[in-house]
Every structure is written in C-alpha cells, then in structure tokens.
Amino acid sequence: MTVISGPLGAGKTTLVNNLLNDPGDRRIAVVVNDMGEVNVDAELLDDTAEDGIVDLSNGCICCRLQDDLVTAVTRLADERDFDYLVVEASGISEPIPIARTLTEGTDGGSLPDRFRLDTTVSVIDAYGFWKAFDPAASLPDGAPTPERPLTEVLVDQIEFCDVLLLNKCDTVPDDELDAVEASVRELQPRATIHRTTYSEIDPAAVLDTGRFDFEAARRRQGWKRALAAAEGSDGHGHDHDDGAAAAHGVESFVYRRERPFDPERFDGWLDEWVGDVVRLKGFAWVASRPGTVLGVSQAGPAVQAGPIGEWGDDDPATRLVVIGRDLDVDAMTAALDGCLSNESDGVVAADDPFPRES
Ligand SMILES: Nc1nc2c(ncn2[C@@H]2O[C@H](COP(=O)(O)OP(=O)(O)OP(=O)(O)O)[C@@H](O)[C@H]2O)c(=O)[nH]1
C-alpha cells in the first residue's frame, strides 16, 4: 500500500489519477477519503478505473473513520483482484495515525495479512508552502490561491513521509523553489524529495519503493535531529554538511536553559509570530507548573502549548528547536531569556496561560 497525504488542493487526486492512468503492470485499487458528505475527489477520479475505487467520506480516516478504513480495505480484498492499494487521505488527515491503522490495525480489527504498508507519500503545494512562510510573497499571475494557511497538520505531513512531492513547481520562481526545498529538507531530512508539476512522477518513485519504516520516520524528523545534535554540541543543531540549507539561510538552532519561564512572558513571546520561523517545537519548564512538562509546537501561525507530562525523575529544563530562514539567533535567544523567571517554582499566574487540560 501507498498512502498519499498532503494539504487540501496540493495535487493528491492528480497524483492518484496519474497512477491510475499509468500503473505499469500492476492492478491498482484506490481508497479515497474526503471530509465532505459527497466525496468530490472520487468523482474527479477517472471513470475508467471507477470499479476499484472506494469512497470514504464524511469524516477523516486518521480519526473518526479509522475502523471504516480497515473495513473498506478488507472488503476490497474480498471482492476485487488487485496488486496494489493506494489510499488518498483527506487534506486534514494526520499521517501518523493512518500509518498506525494500516500497520497495527485498530481495536476493531486489522488488515488482512497480505497487506503491507510500503510507502507514505506527502504531496506539498510548493506555492502554498512558500507563501505560508514568506509574508512578502505575492501571487504569481494565474496561480491558484492556496486554500489553507499553514497549520500543524501540514508540518506533520512534511515531517512524516518517505517520499515528498514538492508539487506545483510551475507556480514558484526557480530561485525561491531552491529556498522552499531547503526549508522542507530541514524539516524532513529523511524523505526522497521530488519536484513535480501536476504531480507527474515515475510510478516507481511512489509505489513499491520498500521505503516505509515507522520508527525511522518518527525518529528522523528534522526537529528531533536538531535536538539530538544540539545535546552533543553548542546549541546549533543544523547540519553543517547541508550546503543547500546554508546557501538559503535555512538553519535550526536549539534554545536550551535549565531555568523556568515566567508563564505570562513566555506566553506573550509565543503570541508574537516571527515570520522567519518555519517551525518551533520542543518542551519547556514553566515556573507556574514546576512539576509539569509543557509541550510547545508552532507551525506557521498555529501555536500549541500545553501540559504533556510530568518531569518525574528528570531534571526540569527547556529545549526548543527553532527551524527557519535567516534567523536572528542572538535576538531570539535574548527575547527568550527575557521571559525567564527568577523563581524556580511558586510563581502564580493570575490567569494561567497553560492550564492543565481537564
Ligand atoms: N498550477 C498547477 N496546478 C496544479 C498542479 N497540480 C495540481 N494542480 C491543480 O490544483 C487543483 C487541486 O489538485 P488536486 O489534485 O485535486 O489536489 P488534492 O490534493 O487532491 O486536493 P483535495 O482533495 O482538495 O485535498 C486542481 O485544479 C489541479 O489541476 C500543479 O503542479 N500546478
């Protein structure tokens, strides 16, 4: 099986159609997931192949429709003869839960033994990505408007995949495309990246690649690599061998402190969206909650910060990975230092910005 993820309008259906039109000597079946009540995507798929296409609509296969996905694949296996299954996730699907469903199954059941998750593909709209991180970007003539701002899900889709299609390359100038690819590469050091237009790609690059590896995909996300590198060095976690990233000013650094933040000042810092930052991810020690690990995740304008566990036997600390272009590391470090509290505990925030989830 190959799973295709990616934001709305990135070119996933276009890729599925290309694969249906040129499957080589494979017989392909397709499961298409769409959020709407009518599965528009299934209607857009070529009629000739319609028989092997299952629609899962009105929900998302990463959450509500997990069991439906297992049931649909099992039924397809019972009723049809095919060699390869392509699953097109909805634009808002998170790839990790889908990969888990397709490898481990759900509480309600698992896939027949003869299925094997082979490749996870993310189709990313190069223009949408470029615009999301560059507030000054303007729309080239005739380019489709991206339907969705960058969100946490988009970064999840970039960070967790084996093959990444940087699609709609016709809508971004070549020099900017190099910078876009360098940023994507910093987030996603492991995947094979292909630049595509109208999702045109050799089917062998996305089918039967043998590249899926759950643990490697999770372990080798860009921010985790930066964190691991920083723990053994001076805090600059970027890959010094990566000339493309350096040429475009793309880097990552890790903010590390053994002192807690003042909750209100740190919350204020998180609210100040810094345009050059592509990704902020890690954990923090906050003085108002001395026993609690605060998880922090920012992707474009979307920020999430909340309790993710207890320090337990670990010494509390802050580790924040920042990935971006032309980062002013000194200014950012100074701003974060300005949010540090002198108290290691006992600070009471009048209105706790990071309440424990009930
Ligand atoms: N300019 C340009 N348009 C493209 C390219 N690839 C796809 N499109 C167009 O972008 C639109 C969306 O493409 P789809 O393949 O439907 O995207 P999708 O990811 O399946 O979209 P959702 O199902 O809504 O999430 C369509 O009008 C495509 O023709 C490309 O490389 N360049």
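Residues numbered from 1 in each chain as written. Predicted model: local features only at pLDDT ≥ 70, side-chain atom pairs only at ≥ 80, totals over all residues.

Caption draft 1: Highlighting the overall build of the protein. From N to C terminus, the protein includes 12 helices and 12 strands. Partitioning the intrachain contacts of the protein with sequence separation of at least 6 by distance along the chain shows that 78% fall at a separation of at least 24. (Helix = DSSP H or I, 4+ residues; strand = E, 2+ residues; numbered from the N terminus. Contact = placed C-beta atoms within 7 Å.)

Caption draft 2: Representation of the sheet that holds strand S3 (residues 53-56). An order of S3-S2-S4-S1-S5-S6-S7 is seen for the 7 strands of this open sheet, with the pairing classed as parallel. If you trace the sheet from one side to the other, it starts and ends with S3 and strand S7 (192-195), each paired once. Each strand axis lies, on average, 20° off the axis of its neighbour in the sheet, ignoring direction. Sheet analysis places strand S5 (residues 119-125) next to strand S6 (residues 163-167), joined by 5 bridges and oriented parallel. (Pairing = 2+ DSSP bridges. Axes fitted to C-alpha atoms, helices over the stretch in contact; angles between N-to-C directions.)

Caption draft 3: Layout of the site of the ligand. Surveying the vicinity of the ligand reveals 19 residues, the closest of which are Gly 11, Lys 12, Thr 13, Thr 14 and Gly 91. By residue number, the principal contributor to the shell around the ligand is helix H1 (residues 12-21), which donates 3 residues. Across the shell around the ligand, the residue classes break down as 5 nonpolar, 10 polar and 4 charged. (Near = placed C-beta within 6 Å. Nonpolar A, V, L, I, M, F, W, Y, C, P; charged D, E, K, R; others polar.)

Caption draft 4: Here's a closer look at unusual backbone geometry. With phi around 50°, Ser 199 is a residue other than glycine that occupies positive phi space. Assignment of secondary structure puts Ser 199 in the loop between S7 and helix H8 (214-219). Residue Ser 199 is classed as buried on the basis of its C-beta count, with 24 C-beta atoms lying within 10 Å. Not every positive phi belongs to a glycine, and Asp 208 is a case in point at roughly 55°. With respect to the helices and strands, the residue Asp 208 is situated in the loop between S7 and H8. Here Asp 208 falls in the partly exposed class, since 15 other C-beta atoms lie within 10 Å of it. (Buried ≥ 20, exposed ≤ 12 C-beta atoms within 10 Å, placed from the backbone.)

Caption draft 5: Summary view of the pairing of strand S10 (residues 292-299). Bridge count between strand S9 (residues 277-285) and S10: 7 bridges; the pairing is antiparallel. Paired with Phe 283 across the bridge in S10 is Gly 295. Adjacent in sequence and paired antiparallel, S9 and S10 are bridged by 6 residues.

Caption draft 6: Structural view of helix H3 (residues 66-79). Taking 1.5 Å as the rise per residue, H3 with 14 residues should run 20 Å; its terminal C-alpha atoms sit 20 Å apart, in good agreement. Restricting attention to buried positions, one finds in H3 the residues Gln 66, Leu 69, Val 70 and Val 73. Down the axis of H3, the sector holding all buried residues measures 100°, keeping them to one side. Turned more than 90 degrees from where H3 packs its buried face, Arg 75, Asp 78 and Glu 79 sit exposed. Buried residues in H3 make contact with strand S2 (28-33), S3, strand S4 (84-88) and helix H4 (95-104). (Expected span 1.5 Å × (residues − 1). Arc of directions from axis to C-beta.)

Caption draft 7: Local environment of the nonpolar core. Membership of the largest hydrophobic core comes to 89 residues, with the highest contact counts inside it found for Val 3, Ile 4, Val 31, Ile 124, Leu 164, Ala 284 and Val 322. Residue-level mapping places this core at the junction of two domains, with at least three residues from each of domain 1 (2-219) and domain 2 (235-337). Every residue in contact with Ile 124, bar those within four places of it in the chain, is listed here: Gly 6, Ala 10, Phe 129, Ile 158, Leu 164, Leu 165, Leu 166, Asn 167 and Val 184. (Core = buried A, V, L, I, M, F, W, Y, C linked by C-beta atoms within 7 Å. Domains from an automatic or database assignment.)

Caption draft 8: Spatial organisation of the environment of Trp 311. In this fold, Trp 311 is placed in the loop between strand S11 (302-310) and strand S12 (318-325). The spacing of Trp 311 and Lys 168 is 143 residues in sequence and 44 Å in space, taken between C-alpha atoms. Those residues in contact with Trp 311 that sit more than four places away from it in its chain are Gly 291, Val 293 and Pro 316.

Caption draft 9: Structural detail: the environment of Glu 88. Checked against the element boundaries, Glu 88 lands in strand S4. Here Glu 88 falls in the buried class, since 29 other C-beta atoms lie within 10 Å of it.

Caption draft 10: Inspection of the confidence of the model for the protein at higher detail. Looking at the protein as a whole, the pLDDT averages 81, with 80% of positions reaching at least 70. Below pLDDT 50 for its whole length, residues 144-150 participates in 17 contacts with residues either more than four positions away or in separate chains. Confidence over residues 237-241 falls short of pLDDT 50; this stretch has 13 contacts with residues more than four positions distant or in other chains. Predicted complex, confidence summary: ipTM 0.98, pTM 0.77. (pLDDT = per-residue confidence, 0-100.)

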